[in-house]
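Structural overview for review
Residue strings, one per chain:
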Protein chains: 2
Amino acid sequence: MQNFEYCTPTRLIFGKGVIEKLPGVMAQFGKKILLTYGGGSIKKIGLYQKVLELLKGFEIVELPGIQPNPKYDPSVLDGVRLCKEHKVDVILSAGGGSVLDCSKAIAAGACYEGEPWDLISYKVQATSALPIVDILTLAATGSEYDCGGVISRTETNDKIGYIDPLLFPAVSFLDPVYTFTVSKGQTAAGIADAMNHILEQYFCEDATLMNDGFCEAGLKSLMVNGMKCLENPEDYTARAEMMFVCTLACNNIMSLGNSESGWPMHGIEHALSGYYDITHGWGLAIITPRWMQHILSERTLPRFVKYGVNVFGIDTSLDPWEIARKAIEETYKFFESIGIPMHLRELGIDNSRIDEMAHHVAVNEGLENAYVPLTEQDIRKILIKSL
Amino acid sequence: MQNFEYCTPTRLIFGKGVIEKLPGVMAQFGKKILLTYGGGSIKKIGLYQKVLELLKGFEIVELPGIQPNPKYDPSVLDGVRLCKEHKVDVILSAGGGSVLDCSKAIAAGACYEGEPWDLISYKVQATSALPIVDILTLAATGSEYDCGGVISRTETNDKIGYIDPLLFPAVSFLDPVYTFTVSKGQTAAGIADAMNHILEQYFCEDATLMNDGFCEAGLKSLMVNGMKCLENPEDYTARAEMMFVCTLACNNIMSLGNSESGWPMHGIEHALSGYYDITHGWGLAIITPRWMQHILSERTLPRFVKYGVNVFGIDTSLDPWEIARKAIEETYKFFESIGIPMHLRELGIDNSRIDEMAHHVAVNEGLENAYVPLTEQDIRKILIKSL
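Residues numbered from 1 in each chain as written. Chains lettered and ligands numbered in written order. Predicted model: local features only at pLDDT ≥ 70, side-chain atom pairs only at ≥ 80, totals over all residues.

Topic: the overall build of chain A
Going by this rule: Put simply, DSSP marks the helices as runs of H or I at least four residues long and the strands as runs of E at least two long, and each gets a number from the N terminus on. Using C-beta atoms placed from the backbone, we call a residue buried if 20 or more other C-beta atoms fall within 10 Å of its own, exposed if 12 or fewer do, and partly exposed for counts in between.
Per the secondary structure count, chain A includes 15 helices and eight strands. On the principal axes, the C-alpha backbone points of chain A span a range of 65 × 45 × 40 Å. For chain A, with 387 residues in total, the buried portion stands at 55%.

Overview of the pairing of strand E7 (residues 158-163) of chain B
All names here are of chain B. For clarity, the threshold we go by: Pairing between strands requires that DSSP locate at least two bridges from one strand to the other.
Where strand E6 (residues 148-153) lies against E7, six bridges are found, and the strand directions are antiparallel. Across the sheet, residue Val150 finds its bridge partner in E7, namely Gly161. Connecting E6 to the antiparallel partner E7 that follows it, the hairpin turn spans four residues, and Asn157 within it adopts a positive phi of roughly 55 degrees.

Brief notes about the domain arrangement of chain A
Residues and elements named next belong to chain A. Stated precisely, the cut-off is as follows: Domain delimitation in this document rests on an assignment produced automatically or drawn from a domain database. The residue classification treats Ala, Val, Leu, Ile, Met, Phe, Trp, Tyr, Cys and Pro as nonpolar and Asp, Glu, Lys and Arg as charged. All others, Gly included, are polar.
Along its sequence, chain A is carved into domain 1 (11-178) and domain 2 (183-386). For domain 1 versus domain 2, the distance between C-alpha centres works out to 27 Å. Those elements giving two or more residues to the side of domain 1 that touches domain 2 turn out to be strand E1 (4-14) and strand E7 (158-163). Split by residue class, the side of domain 1 that touches domain 2 holds nine nonpolar, five polar and four charged.

Comments concerning the sheet that holds strand E1 (residues 4-14) of chain B
Condition: Between the N-to-C directions of two axes lies an angle of 0 to 180 degrees, each axis being a line fitted to C-alpha atoms and, for a helix, fitted only over the stretch in contact. Our contact criterion uses C-beta atoms placed from the backbone: two residues qualify when those atoms are within 7 Å.
Taken in spatial order, the twelve strands of this open sheet run E3(A)-E2(A)-E4(A)-E5(A)-E8(A)-E1(A)-E1(B)-E8(B)-E5(B)-E4(B)-E2(B)-E3(B), and their pairing is mixed. What marks the edges here is a single partner per strand, and that holds for strand E3 (59-63) of chain A together with strand E3 (59-63) of chain B. Put simply, the sheet's adjacent strands are angled 25 degrees from each other on average, direction ignored. Across the sheet, helix H5 (residues 97-109) of chain A is in contact with strand E2 (32-36), strand E4 (90-95) and strand E5 (132-136) of chain A; its angle to E4 of chain A comes to roughly 165 degrees.

Considerations on the nonpolar core
What counts, and what does not: Joined through C-beta atoms within 7 Å, a set of buried Ala, Val, Leu, Ile, Met, Phe, Trp, Tyr and Cys residues constitutes a nonpolar core.
Of all hydrophobic cores here, the largest spans 257 residues; its most connected members are Ala192 of chain A together with Ala192 of chain B. Other than its neighbours up to four places away in sequence, Ala192 of chain B contacts Gly281, Trp282, Leu284, Ala285, Phe335 and Ile340 of chain B.

Focus on the environment of Lys385 of chain B
Tracing the sequence through the fold places Lys385 of chain B in helix H15 (residues 376-386). Residues Lys385 of chain B and Asn258 of chain B lie 127 residues apart in sequence; the distance between their C-alpha atoms is 29 Å.

Digging into the interface of chain B and chain A
Between chain B and chain A, the contact holds 35 residues from the first and 35 residues from the second. Of all elements in the fold, only E1, helix H8 (209-231) and helix H9 (236-248) of chain B reach the threshold of two or more residues within the side of chain B that touches chain A. Among the elements that line the side of chain B that touches chain A, the one with the most residues is H8 of chain B, at eleven residues. Among the residues making up the side of chain B that touches chain A, the classes are represented as 18 nonpolar, ten polar and seven charged.

Regarding unusual backbone geometry
All names here are of chain A. The omega angle of the peptide bond from Asp73 to Pro74 is 15 degrees, so this bond is cis rather than trans. Structurally, Pro74 can be placed in helix H4 (residues 72-86). Of note, Tyr122 is a non-glycine position whose phi angle comes to about 65 degrees, a positive value. Following the sequence through the fold, Tyr122 ends up in the loop between helix H6 (117-120) and E5.

Section: the relation of the copies chain B and chain A
Just so we agree on the cut-off: Superposing copies: least-squares fit, C-alpha atoms only, residues required to have pLDDT of at least 70 in both.
Once chain B is rotated about the relating axis by 180 degrees and shifted along it by 0.0 Å, it coincides with chain A to within an RMSD of 0.0 Å. Such a combination of turn and shift is consistent with a two-fold rotation axis. By residue overlap, the copies meet face to face through one surface: 100% of the interface positions of chain B are interface positions in chain A.

A closer look at the pairing of strand E5 (residues 132-136) of chain B
All names here are of chain B. Among the five residues of E5, five are classified as buried, and the element is accordingly described as predominantly covered. Side chains Ile132, Asp134 and Leu136 of E5 all project onto a buried face; the interleaved residues Val133 and Ile135 project onto the opposite face, where all are buried too. Relative to strand E8 (residues 171-174), E5 runs parallel, the two being bridged by four bridges. Considered in E8, the bridge of Val133 is made with Val171.

A few points about the environment of Leu199 of chain A
Residue and element names in this part refer to chain A. Position of Leu199 among the secondary structure elements: in helix H7 (residues 184-202). C-beta crowding within 10 Å serves as the criterion here: with 23 such atoms nearby, Leu199 is assigned to the buried category. Note: C-alpha distance between Leu199 and Lys123 (76 residues apart in sequence) is 30 Å.

Describing H4 of chain A
All names here are of chain A. As a reminder, the rule being used: Expected helix span is computed as 1.5 Å times (number of residues minus one). As used here, the arc is the angular range of directions from the helix axis to the C-beta atoms.
The first and last C-alpha atoms of H4 sit 20 Å apart over 15 residues, in line with the 21 Å expected at 1.5 Å per residue. Listing the buried residues of H4 in full gives Tyr72, Ser75, Val76, Gly79, Val80 and Cys83. Along the long axis of H4, the arc covered by the buried residues comes to 120 degrees, so they all point the same way. If you follow the buried residues of H4, they end up packed against E2, E3, H5, H6 and strand E6 (148-153). Of the residues one or two after H4, Lys87 is the one with positive phi, at around 50 degrees.

Some words on the packing of H8 of chain B against H9 of chain B
All names here are of chain B. For the record, the criterion: Note on convention: near helix rotated counterclockwise from far helix by under a right angle means a left-handed crossing. Clockwise means right-handed.
In the contact formed by H8 and H9, the axes pass within 8 Å of each other and the chain directions differ by 140 degrees. Like other packed secondary-structure pairs, H8 and H9 cross with a definite hand, here left-handed. Contact residues: H8 offers Gly218, Ser221, Leu222, Asn225, Gly226, Lys228 and Cys229, while H9 offers Ala238, Arg239, Glu241, Met242, Val245 and Leu248. Classifying every residue of the contact of H8 with H9 gives six nonpolar, four polar and three charged.

Brief notes about the confidence of the model for chain A
Applicable threshold: Within a predicted model, pLDDT stands for the predictor's per-residue confidence, ranging from 0 to 100.
Overall, the prediction assigns chain A a mean pLDDT of 97, with 100% of residues at 70 or greater. We note a pTM of 0.97 for the whole complex and an ipTM of 0.96 for its interfaces.

Re the packing of H4 of chain A against H5 of chain A
Residue and element names in this part refer to chain A. To keep things clear, this is the line we draw: If an angle is under 35 degrees, it is roughly parallel; if it is over 145, roughly antiparallel; if it lies from 65 to 115, roughly perpendicular; otherwise it is oblique.
For the pair H4 and H5, interaxial distance at closest approach is 8 Å and the crossing angle is 45 degrees. Considering their axes alone, H4 and H5 lie oblique with respect to each other. The element H4 and its partner H5 pack so that their crossing is right-handed. Residues Ser75, Val76, Gly79, Val80 and Cys83 of H4 touch H5, and the partners they reach there are Cys102, Ala105, Ile106 and Gly109. Considered class by class, the residues forming the contact of H4 with H5 number six nonpolar, three polar and no charged.

Describing helix H10 (residues 264-276) of chain A
Residues and elements named next belong to chain A. End to end, H10 covers 19 Å across 13 residues, agreeing with the expected 18 Å (1.5 Å per residue, within 8%). Burial analysis of H10 places eleven of its 13 residues in the buried class, the great majority of the element. The complete set of buried residues in H10 reads Pro264, Met265, His266, Gly267, Ile268, Glu269, His270, Ala271, Leu272, Ser273 and Gly274. At the C-terminal side of H10, Asp277 shows a positive phi close to 55 degrees.

Side note on the environment of His270 of chain A
All names here are of chain A. Looking at the secondary structure, you find His270 in helix H10. Classification of His270 as buried rests on a count of 26 C-beta atoms within 10 Å. Along the sequence, His270 and Gln186 sit 84 residues apart, while their C-alpha atoms lie 18 Å from each other.

Here's what the structure looks like:
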């Protein structure tokens, strides 16, 4: 078991109707709020109107239009400018992981005199950040319970995971009802995203018994409850459990003390959505079984066997290699069954930039230190298999 | 799935040699430290000397001699007096759960002008508390990651669980090496204590798939690693995993969103150790299978079947009632196998105060609202079966 440090100070307020506690929570942080959101789905579900009604008496500045794979320019830059102009006390993020990720970069940028990219690119270490409260409307990224955000800079194809303990949300409101209207495609992407977060933690050299069971339970729960959400989008219990598993899936609580895995599938996927702006969860679902096939070896076999037996219930009496291959096949089939296009070409990606992406990943993602070290050539092979 | 709130702001610093970070951590809180500890085992393992050496330059006041089932008088009262006299900035608890529980009550009492019992008995709500840092030397209670402490007041046989979010330790140092010298009896008590914490969460009306898997993994890990700790007290990996499972077992993270169970076994055990000052973990181990037998019914059967199959690997093709009975038997046998005396009479408890204890529990512990509601008569039956 490895040494570790862990602290997640975020207060989770979970369940139906918890939004009523919003005014009391916001009042702890001040009067001037930057309200961040995306393309307007919060208006369709009535959340926008509810927030304004609850926060009468507060001064609210709005930053709408934050896109999936949130952009440094204009979203982060606009947000920072608004915070400085209006001397904002606290950011209220209403939306999914992208809105929240963007809000985190804004929170840090607002307390820094220079160019916010200095912080995101780790040229300068942030020393303070505005407090962040979020109201989640999409179960997927786990950004509501971690201190990271992924920001894309279009002109350089950069997609950087910006992580700083200053960026934990102070409070996360999690009402599963707000996810009832999430489309089938986005629900499936959320399932795949969270499953991949768990798999990135599960596939490592050295894991504790408890973490393995915790991860396996999270994976099974996401498959069972995710499927129920797709069959009946208003199944409260399924939406609730899916939301909560997603929340725990990305903040390391499932792998404390395990050896580092290096999160290789995310490393590869960041190039895909950096170059092509595809849905992150879909990209991960496509990469996952190809990465698994690529790293299956005598050394990794026992881990695949454990995964196959405990997650998919594959018969333990089979040959270990057969169990491992079946486990990978089941992973692929599950993603396919929830409607995810399982080839990059279905998302309009051909082989024209594979070499460039493989090179970008090899240079920027440090995958030579992953659970199974990946060279540029390995990354290229995984991308080609994914086409 | 039930609504919930959750926030555990404690910073965990886990692993071999982490004590070297102590001076930097303590400096955040001030110069004047109340060092609390127990019967002197921290001197035998060299931790006391190490702490003094690392904290040269700090002003240290000591409160030694805190007993298991820590006492309001003299420990809490002495600690509060010392904090006030010396204007202590921060409490450093070096020991097991009892030292830490006592330190929590002191932390609250030190910031209150009246009688500390007002706080512990919930007559008055604390408004502030001194920060607490702990160095854990015993894997058991999980006090290092929760905001509660259990305090005994001898003259009234009261044993009160005092819970307040102000009482989360700011920082918990968890070095498994400090648990190498824990005796077999205390190691077994720690295993039973943590297993019972998980069972109290697992046996409820409505649990999520993920929580069930998390709890089952915790239980299996405690049995496997606990046994290894008993066989080889210096097995670092086993001590480490046991320590970490104990840390997570008592702060609700394993049951967020589950329905309330009411922690009935703890309710009953608090009377036992309140009246007879027995080792808490042993008391819990004795109560557990008797409580299970008592509540097994048509309604609870599916939960016992799940427990038996997933934790003990009992053959699913057996009759459900047989699975349930086997699961209870396996629970009993496991506690017996780790050397716990499984009858109250072995701890010097006879039937002379059973009625009194049953009445005390019925009046004070609210078990009429437990997962399976318990009347005074039910509690009496469970105690008699435990003799």
